[in-house]
Amino acid sequence: MADWSIIYDQWVPKEQTLREAICTLGNGYIATRGAFEEAKAEPDLNYPGTYLAGGYNRLTSEVAGKQIENEDLVNWPNWLPVSFRHPGEEWFHMSSVEVLDFKQELDLKHGVLLRHVHFRDSRGHESKLNTRRIVSMAHPHSAALEWQLTPLNWSGEVEIRSALDGRVINSGVARYRTLASKHLETLEQGQHDEENMFLVVQTVQSKTRMAQVARTQVYLNDQVSGVLPQTKIEEGYVEHLFRLQATKGQPLRLEKSVLIYTSRDWATSEPLQDACVNIKRQGTFEALLEEHKRAWQRLWNRCDLDTACNAKVQGVLRLHVFHLLQTVSGHTVDLDVGVPARGWHGEAYRGHIFWDELFIFPFLNLHLPAITRELLMYRYRRLNEARSAAKEAGYKGAMFPWQSGSNGREESQVIHLNPQSGRWLPDNTFLQRHISSAVAYNVWHYYQATDDIDFLSYHGAELMMDIAQFWSTIATLNQETGRYEILHVVGPDEYHTEYPDSEEVGLHNNAYTNVLAVWVIQKALQLKEVIDDSRYEELLTKLHITPDDLTRWEDISKRMYVPFLEDTRIMAQFDGYDQLQEFDWDTYKAKHGEAMRLDRILESEGDNVNKYKASKQADVLMLFYLFSSEELLSIFKQLDYDFKPENIRVNIAYYEQRTSHGSTLSKIVHAWVLARSDRKRSWVNFEMALMSDLKDIQGGTTAEGIHLGAMAGTVDLVQRAYTGLEIRDDVLWLNPVLPEEMPCLNLQLRYRGHWLELNITCHKLIITFDRGWSKEVKIGVCGEVHTFRTGDKKEFDIQR
Ligand code: BGC
């Protein structure tokens, strides 16, 4: 681990699938896992995967006697294959040679994946193999690799093949392997001209077509050799085979340049035609690399966080920014895709979009807000589906799906496999209705960071008002208590989806859900003061929101019920939580260690996690993550609950002891809520969150795809929690308290059309306001508001 790179200096086969996820290269349009060029899918060893942002397909499988349809992120043809052999012998494979020296490096600064292997084969031939690979951040359709073989103690004939392989299926996640997995059919493959081969495939249900065109050139002494390949064509596979004479000590170098176009692209005619025309315009690997590096430089100029922490912290923070930008970038704009919880890095959760946006958008809002806007448009364009879902469930307004894919219908699986017990079980996590509040929250916070009133008026407000209307109709008035309730839902803690021994699914009055519903309704009412009257009226008419509805909104925003435990300072996660049994953490940990998925373990032992006061992840504590104490207290005040600031600590302490952190998101929240009150424990949680993927702390999940929410969440902790950044009353508030482990923090922020630079140490905050439009901006530092204009630079002493 270095400041700007991830380095693996040993070849460890059992780590390979994890490394492939970590070494994925992408550009917001496509992503390719960091599998070796010669690798084919082999369980627990290699899984080359190429994914298209938003490239989904649906298939039906028979599971436990039921027909189940799932929408998957499709594994598209592998463009990587390059390998060599001595004529008549086996193709090169890392497992069949003796590896004498190995280094794989993910260069974060330039977005390059490099490999160096020194190996000896069974004949005693020693060779060096060096590869470099990019997925271009400059040109979204372009990917390229350089492959160089140097014979060290031998000369002789070699065959080198370069291929496009469409005979792939989705088999990256062991749990899904019994399900239907063949998403592609081949339409065409062949030789376009002397240099270029192509492959065209199509998904069987969504009918998305992809064309890949590849040019492979062999270089001798830095000149294109002119050696023409022999072409091999099979159904779904096209290969160029070069026969070459290798000479001891002389590198054989090959460049492979690939273009990928699909029927979903804009500014194109037909995918294959466009790919074939443009491949001729592609420069050398070096030329592509230069443009790619410059594109990354532009991104890093805006998005880097320089902390002067040790390489372990600094490097991982950069790794997280890197994967965020590889998943969503400028190239994502206009693709009509959401941000997937697991990146486009693997097939876990089928590439679906969850509430993880809540953890991801804050970083984008303050660096590349045009991307947040685009990702919010993904939700906006699926409003009709959310409206139909609400209607079918008996409500009004918009009810967004817990898991979303192509068209915004609910994509949560109906049953899921517990790999621990081998049993297929009903999956009721789709009852997480709080997802809709996350959409509204994200709209509002995008607006706060950007002041983009046009977006708010024309798209955001519609989302927020329709979601408020949903909450208003799902809430029911309890005549006895005089308070509104929300029944049969699931909160963020997915371990609790029903009451033990109950026939019904869902829980009543999840505190997080109820408070968020109130917040959404309050904000939807407030919109009247923010957007034009005429637009507000227009929306009321369009969404069929009547004066009676508005009266009900008002009423709910004052009389929503929030459950509390007997100790009335502590919110109950849901009604009846206090009746659950305490969980014996000590005995469990002695038996299973820190194993975080205790739901699966308990089920496999014939027990049921629903019985216990044991949470998968932060639930009540999410409230302290999303709201400042002022904001939360004002919600409680309006609801006429006597919730005091000092109660926050008591709630944190209570739930901290009862959380297993079975989701990587959980550590983010715990690090955040402790950031001011217990900096040491906060840092421990932060470090754990940092290692979520690099060290695969959930034990095997990262190989199936990174955890983008946790990645973005760690970066956002640095950006907002440690700087005390909050946007309130049109002021950007800063109140930095850096952790002791972080000597300084230098970063740039985009705020309402301006670039500002922050340089923070434990004593000083310097704000430079040097780019952007010339409007004034108000920045509050440690309680005092200052007006900034272009060119201003101000220094502040920070008092602890
Ligand atoms: C977590 C959810 C999260 C999902 C996708 C689940 O394990 O419980 O909160 O949205 O993963 O990251």
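Everything numeric here is computed off the predicted structure, so don't read it as measured data.

Asker: Teacher, can you tell me more about the UniProt feature "active site" (unreviewed entry) in the protein here?
Answerer: On the UniProt side, "active site" (unreviewed entry) is annotated at positions that read Glu494 here. Classification of Glu494 as buried rests on a relative accessible area of 18%. If near-sequence neighbours (up to four positions away) are discounted, Glu494 is found in contact with Trp402, Thr429, Gln432, Lys616 and Gln617.

Asker: How should the site of the ligand be read in this particular structure?
Answerer: Residues in contact with the ligand, as listed here, are Ala341, Tyr349, Phe354, Trp355, Asp356, Trp402, Glu494, Lys616, Gln617, Ser663 and Leu665. A distance of 3.0 Å separates an oxygen atom of the ligand from a polar atom in the side chain of Tyr349. Contact distances for the ligand include 2.6 Å between an oxygen atom and a side-chain N or O atom of Asp356. Residue classes in the shell around the ligand are distributed as 6 nonpolar, 2 polar and 3 charged.

Asker: I would appreciate a short explanation of unusual backbone geometry in the present structure.
Answerer: In most cases, non-glycine residues show a negative phi, while peptide bonds are predominantly trans. Despite not being glycine, Asp334 shows a phi value in the positive range, around 75°. Here Asp334 is to be found in the loop between helix H4 (311-327) and helix H5 (357-365). Taking relative accessible area as the criterion, Asp334 reaches 52% and is therefore assigned exposed. With a phi close to 50°, Asp729 is a non-glycine residue in the positive phi region.

Asker: Where do I start with the sheet that holds strand S18 (residues 237-246) in this structure?
Answerer: What holds strands together in a sheet is hydrogen bonding between their backbones, with the strands either parallel or antiparallel. The antiparallel open sheet is built from 4 strands, whose spatial order is S7-S12-S18-S17. A single partner strand is all that each edge strand has here, and the edge strands are strand S7 (82-85) and strand S17 (230-234). Between one strand axis and the next, the sheet turns through 25° on average, direction left out of account. Bridge count between S7 and strand S12 (residues 156-165): 4 bridges; the pairing is antiparallel. Bridged to Phe84 within S12 is Ile160.

Asker: Help me out: how do you make sense of a negative patch on the surface in this one?
Answerer: Residues Glu529, Asp532, Asp533 and Glu537 make up a contiguous surface patch of negative charge. When you line up the elements, Asp532 lands in the loop between helix H10 (511-530) and helix H11 (533-542).

Asker: Teacher, can you tell me more about the domain arrangement of the protein here?
Answerer: One frequently used descriptor of interface size is the decrease in accessible area upon assembly of the parts. Considered domain by domain, the protein is made up of domain 1 (5-301), domain 2 (336-713) and domain 3 (722-800). Computed over C-alpha atoms, the centres of domain 1 and domain 3 are 44 Å apart.

Asker: Would you explain the sheet that holds strand S30 (residues 777-781) in this entry?
Answerer: With mixed pairing, 4 strands are arranged side by side in an open sheet as S25-S26-S30-S31. Two strands close off the open sheet at either side, each with one partner strand: strand S25 (726-728) and strand S31 (784-788). With strand direction ignored, the average angle separating the axes of adjacent strands in the sheet is 30°.

Asker: Just to check I follow, could you spell out empty space enclosed by the protein for this structure?
Answerer: This structure, assessed with the given rule, holds 8 cavities of 30 Å³ or more. What the largest cavity holds in volume is close to 100 Å³. In terms of lining, the largest cavity is formed by 15 residues, of which the most central are Asp72, Asn170, Tyr176, Leu179 and Ala180. Those elements giving two or more residues to the lining of the largest cavity turn out to be strand S5 (56-63) and strand S6 (66-73). In this structure, the second largest cavity is lined by Ala675, Arg679, Ser682, Trp683, Tyr722, Val737, Leu738 and Pro739. Of the residues that make up the lining of the second largest cavity, three or more belong to each of domain 2 (336-713) and domain 3 (722-800).

Asker: Hey, could you run me through the nonpolar core in this one?
Answerer: Buried together is how nonpolar side chains tend to be arranged in soluble globular proteins. Counting 227 residues, the largest nonpolar core has Trp355, Met465, Trp553, Phe624, Phe686, Tyr722 and Ile767 as the members making the most contacts within it. Setting aside chain neighbours within four positions, we find Met465 in contact with Ala524, Leu527, Tyr536, Leu539, Leu540, Leu543, Ile545 and Trp553.

Asker: I'm lost on H10 in this one. Help?
Answerer: In an α-helix there are 3.6 residues to a turn, and that puts residues three or four apart on one side. Counted at 1.5 Å a residue, the expected span for H10 with its 20 residues is 28 Å, and the 28 Å between its end C-alpha atoms agrees. Taken across its 20 residues, H10 has 16 buried, putting it largely inside the fold.

Asker: Explain the packing of H4 against helix H20 (residues 708-721) to me, please; I cannot follow it from the model alone.
Answerer: When two helices pack together, their arrangement is given by the angle between their axes and by how far apart the axes lie. Relative to each other, H4 and H20 sit at 125°, their axes nearing to 9 Å. Classed by the angle they form, the pair H4 and H20 counts as oblique. Of the two elements, H4 crosses H20, and the hand of that crossing is left-handed. On H20, the residues touching Leu317, His320, Val321, His323, Leu324 and Thr327 of H4 are Leu708, Ala710, Met711, Ala712, Thr714, Val715 and Val718. Class assignment for the residues of the contact of H4 with H20 results in 9 nonpolar, 4 polar and no charged.

Asker: How do you make sense of the packing of aromatic side chains when you look at a structure like this?
Answerer: Aromatic rings in a pair are described by how distant their centres are and how their planes are angled relative to each other. Tallied over the full model, the rule gives 40 aromatic pairs. Between the aromatic rings of Phe36 and Phe102, the centroid separation amounts to 6.2 Å while the plane-to-plane angle is 65°, which identifies the pairing as edge-to-face. Of this pair, Phe36 sits in the loop between strand S3 (30-32) and strand S4 (50-52) while Phe102 is found in strand S8 (residues 98-107), placing the two residues 66 residues apart along the sequence. Of the residues examined, Phe102 reaches a relative accessible area of 3% and is grouped as buried. Here the aromatic rings of Trp355 and Tyr512 are separated by 6.1 Å at their centres, their planes lie at 80°, and the arrangement is edge-to-face. Taken as a pair, Trp355 in the loop between H4 and H5 and Tyr512 in helix H10 lie far apart in primary sequence, 157 residues in all. Per residue, the accessibility class of Trp355 equals that of Tyr512, and both read buried. Ring pairing ties together the aromatic residues Tyr349, Phe354, Trp355, Phe359, Trp402, Tyr512, Tyr625 and Trp672, which thus form one cluster. Lying over the aromatic face of Phe36, Arg115 brings its terminal NZ or CZ to 4.2 Å of the ring centre. Directly above the ring of Phe788 sits Lys794, whose terminal nitrogen or CZ lies 4.6 Å from the centroid.

Asker: For this particular structure, what's the right way to read the packing of helix H9 (residues 453-474) against H10?
Answerer: Where H9 contacts H10, the two axes come as close as 9 Å, and the packing angle between them is 135°. If you check the angle between H9 and H10, you find them oblique. Crossing geometry of H9 relative to H10 is assigned as left-handed. Residues Ile453, Leu456, Ala461, Met464, Met465, Ile467, Ala468, Trp471 and Ser472 of H9 touch H10, and the partners they reach there are Thr513, Ala517, Val520, Ile521, Lys523, Ala524, Leu527 and Val530. A class-by-class count of the residues in the contact of H9 with H10 yields 14 nonpolar, 2 polar and 1 charged.

Asker: Honestly, the pattern of salt bridges in this entry has me stumped. Any pointers?
Answerer: Pairing between side chains becomes possible if they bear opposite charge and their charged atoms approach one another. Scanning all chains against the criterion turns up 60 salt bridges. Its salt-bridge partner being Glu286, residue Arg132 comes within 3.1 Å of it at the nearest N-O pair. You can see Arg132 sitting in strand S10 (residues 126-135) and its partner Glu286 sitting in helix H3 (residues 285-303), a full 154 residues away along the chain. You can call Arg132 partly exposed: its relative accessible area is 21%. A salt bridge links Glu538 to Arg535, with the shortest nitrogen-to-oxygen separation between them at 2.7 Å. Here Glu538 and its partner Arg535 are both found in helix H11, 3 residues apart, which amounts to about one turn of the helix. For Arg535, a relative accessible area of 9% gives the class buried. Each of the salt bridges in this network shares a partner with another, and the network as a whole consists of Arg132, Glu146, Asp222, Arg253, Glu255 and Glu286.

Asker: Honestly, the side chain of Thr450 in this entry has me stumped. Any pointers?
Answerer: Along the chain, Thr450 turns up in helix H8 (residues 434-450). Under the relative-accessibility criterion, Thr450 is labelled buried at 15%. Within the structure, the side chain of Thr450 is placed 3.1 Å from the backbone nitrogen of Asp452, a separation counted as a polar contact.

About the cut-offs
- Residues numbered from 1 in each chain as written.
- Predicted model: local features only at pLDDT ≥ 70, side-chain atom pairs only at ≥ 80, totals over all residues.
- Heavy atoms only, no water.
- UniProt positions renumbered as here; feature names shortened; annotations may be inferred.
- Buried < 20%, exposed > 50% of the residue type's maximum accessible area, 1.4 Å probe, protein only.
- Contact = heavy atoms within 4.5 Å.
- Near = heavy atom within 4 Å.
- Polar contact = N/O pair within 3.5 Å; in protein donor to acceptor, adjacent residues only side chain to side chain.
- Nonpolar A, V, L, I, M, F, W, Y, C, P; charged D, E, K, R; others polar.
- Helix = DSSP H or I, 4+ residues; strand = E, 2+ residues; numbered from the N terminus.
- Pairing = 2+ DSSP bridges.
- Axes fitted to C-alpha atoms, helices over the stretch in contact; angles between N-to-C directions.
- Patch = residues over 30% accessible without salt bridge, like charges linked within 9 Å, V, L, I, M, F, W, Y side chains within 5 Å.
- Areas by Shrake-Rupley, 256 points an atom, 1.4 Å probe, with all protein chains shown as cover.
- Salt bridge = Lys/Arg side-chain N within 4 Å of Asp/Glu carboxyl O.
- Lys, Arg positive; Asp, Glu negative; His and termini not counted.
- Charge placed at Lys NZ, Arg CZ, Asp CG, Glu CD.
- Domains from an automatic or database assignment.
- 1 Å grid on protein atoms, 1.4 Å probe; cavity = no way out; pocket = protein on both sides within 12 Å on 5 of 7 lines; lining within 4 Å.
- Points joined across faces, edges and corners; volume = space filled by probe spheres on them.
- Core = buried A, V, L, I, M, F, W, Y, C linked by side-chain atoms within 4.5 Å.
- Expected span 1.5 Å × (residues − 1).
- Parallel < 35°, antiparallel > 145°, perpendicular 65-115°, else oblique.
- Left-handed = near helix turned anticlockwise from the far one by under 90°.
- Phe/Tyr/Trp six-rings, centres within 6.5 Å; stacked < 30°, edge-to-face > 60°.
- Lys NZ or Arg CZ within 6 Å of the ring centre and 35° of its normal.

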